[in-house]
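Residues per chain are reported as follows:
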Amino acid sequence: MNKKLIISLSITFSIIAVVLILFWTLFGLSVVSVEYHSTRKNLVDVSDDEIVSAGQFNLGACVLFEGKNKSIQNINNFVSQNKNFAYLKILNIETVFPNKFVIHVMEREELFAVENDGQVYVCDRDFRVLRITDSCESAIKLKGLDIENKDINEGDFLNIKQKFMLNFFSVMLQNNRDLAEQLGKFSEINITPYKQEINQNEYYSMRILTKQGRTFIVNNPDFAFLNKIQKMFAIESALYGQNFDEAGNILDKNGNVIYVTKNVSGEYVECSDSEPDKIQLSLSLLSHCAIKIDNLILDEHINRSENDIYYSFLEL
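Residues numbered from 1 in each chain as written. Predicted model: local features only at pLDDT ≥ 70, side-chain atom pairs only at ≥ 80, totals over all residues. Heavy atoms only, no water.

Peer 1: I'd like a description of the pairing of strand 10 (residues 215-219), backed by residues and values.
Peer 2: Counted residue by residue, strand 10 has five buried out of five residues, so it is predominantly covered. Residues of strand 10 alternate between two faces, with T215, I217 and N219 on one and F216 and V218 on the opposite face, all of them buried. For strand 9 (residues 202-210) and strand 10, the ladder comprises five bridges, and the chain directions are antiparallel. Paired with M206 across the strands is V218, a residue of strand 10. Hairpin geometry of strand 9 and strand 10 is characterised by an intervening segment of four residues between the two adjacent antiparallel strands and by a positive phi of about 85 degrees at G213. Pairing geometry for strand 10 and strand 14 (residues 289-295), over three bridges, is parallel. (Buried < 20%, exposed > 50% of the residue type's maximum accessible area, 1.4 Å probe, protein only. Helix = DSSP H or I, 4+ residues; strand = E, 2+ residues; numbered from the N terminus. Pairing = 2+ DSSP bridges.)

Next up, the structure:
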């Protein structure tokens with residue numbers, strides 16, 4: 001081996017050694033802190049030190065190569081030792097160069113009270129079980145949910161069959177209904193399966209009860225869920241926000257009476273005043289009906305879009 005090659009190799013190994021030393025000194029993890037992005041109402045008994053300790057971070061490891069997902073999982077699993085950890089949501093773990101991790105967290109908020117086998121699982125929007133109780137009046141009662149978990153403990157995520165419910169919060173948020181408005185408006189949601197008579201396909205139906213005593217039925221929320229909820233709010237605003245004549249009939253924006261007629265399915269649908277079987281849509285009739293939002297028949301031979309939805313009034 002000639003002298004030049006030996007010198008080149010020596011220089012190369014020296015550079016590699018210096019780089020490795022820098023990685024494990026300059027970039028060696030030495031500080032882990034916690035930053036909150038919400039209130040801490042249910043996290044008052046959870047300390048920053050406890051969160052950091054639960055993450056089991058490998059101090060001294062290079063921040064460039066240290067995996068964060070395992071630490072997030074460790075923190076989530078710590079609920080077995082501290083039930084308040086169920087309310088802790090890890091947004092992400094940020095790397096702050098040269099040698100620091102910041103755990104960004106927020107408090108999970110109660111949204112659903114899932115009734116199942118005599119117990120109530122109080123869950124957040126992600127269906128993480130925050131607590132288990134006999135009853136809960138502060139959250140939206142949710143019935144008919146198919147839960148596939150066997151043994152359920154606080155901190156577990158419910159594995160639900162009706163996946164569209166995982167989008168419920170975001171769909172409402174996109175319709176300008178934040179958590180407080182959702183909790184203030186809805187009292188109960190009941191999910192039931194049904195079979196479409198024409199194509200015999202099976203879908204789910206959501207019966208939504210409001211604290212104002214109104215009932216909405218949203219069929220097949222797996223299809224055009226956002227558009228259906230948008231139409232639901234639009235129809236509610238259009239009907240209950242309109243004027244009424246002395247007889248209690250609902251008037252449209254032009255001051256004309258709104259007429260409905262019964263279709264072959266026994267539902268009331270809007271019609272013109274020239275229909276022979278027309279009925280005036282009154283506040284009394286509306287109070288005995290649910291506002292139903294559905295889509296046109298889905299068939300593999302028909303090209304449907306998410307705008308192919310309609311509403312009707314279904315007698316309760």
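Still more ground to cover, so stick around.
Peer 1: Help me get a handle on the packing of aromatic side chains, residues and values and all.
Peer 2: Applying the stated rule across the entire model yields 11 aromatic pairs. With a centroid separation of 6.1 Å and an interplanar angle of 50 degrees, the aromatic rings of F164 and Y204 are classed as tilted. Of this pair, F164 sits in the loop between strand 7 (140-143) and helix 4 (168-174) while Y204 sits in strand 9, and the two are 40 residues apart along the sequence. By the burial criterion, F164 is buried, and Y204 matches it. Ring centres of Y311 and F313 lie 5.8 Å apart, and the angle between their planes is 80 degrees; on these two criteria the pair is classed as edge-to-face. Across the pair, F313 and Y311 agree in class, each one buried. In this structure an aromatic cluster arises from ring pairing among F112, F127, F168, F186 and F233. Stacked on the ring of Y36, the Lys or Arg R40 has its end atom at 3.9 Å from the ring centre. Cation over ring: K278 sits above Y259, and NZ or CZ is 4.9 Å from the ring centre. (Phe/Tyr/Trp six-rings, centres within 6.5 Å; stacked < 30°, edge-to-face > 60°. Lys NZ or Arg CZ within 6 Å of the ring centre and 35° of its normal.)

Peer 1: Tell me about the pattern of salt bridges, and please be specific about residues and values.
Peer 2: Pairing is possible between side chains of opposite charge, provided their charged atoms come close. In the structure shown here, the tally under the stated rule is 12 salt bridges. Between R131 and E110 there is a salt bridge, and its shortest N-O distance comes to 2.8 Å. Linking R131 in strand 6 (residues 129-133) with E110 in the loop between strand 3 (100-107) and strand 4 (112-116), this pair joins segments that are 21 residues apart in sequence. You can call E110 buried: its relative accessible area is 17%. Of the charged contacts, one joins K292 and D294 as a salt bridge, the two residues approaching to 3.9 Å between their closest N and O atoms. The burial state of K292 is the same as that of D294; both residues are buried. (Salt bridge = Lys/Arg side-chain N within 4 Å of Asp/Glu carboxyl O.)

Peer 1: I'd like a rundown of the pairing of strand 9, residues and numbers included.
Peer 2: Pairing analysis gives nine bridges linking strand 8 (residues 186-195) to strand 9, with the strands arranged antiparallel. Bridge pairing links K195 to E202 in strand 9. In this antiparallel pair of consecutive strands, strand 8 and strand 9, the connection spans six residues, and Q200 shows a positive phi of 65 degrees.

Peer 1: Tell me about the sheet that holds strand 2 (residues 88-96), residues and numbers included.
Peer 2: Read from one edge of the open sheet, three strands run 1-3-2, paired in mixed fashion. The open sheet has two edge strands, strand 1 (31-36) and strand 2, and neither has a second partner. Going from strand to strand, the sheet's axes swing by 25 degrees on average, the running direction of each strand aside. Strand direction decides the pairing type here: strand 2 and strand 3, joined by eight bridges, are antiparallel. When the bridges of strand 3 are listed, K89 appears paired with M106. Contacting strand 1, strand 2 and strand 3, helix 2 (residues 48-55) runs over the sheet at an angle of about 125 degrees to strand 1. With respect to the sheet, helix 3 (residues 69-77) is in contact with strand 2 and strand 3, its orientation differing from that of strand 2 by roughly 150 degrees. (Axes fitted to C-alpha atoms, helices over the stretch in contact; angles between N-to-C directions. Contact = heavy atoms within 4.5 Å.)

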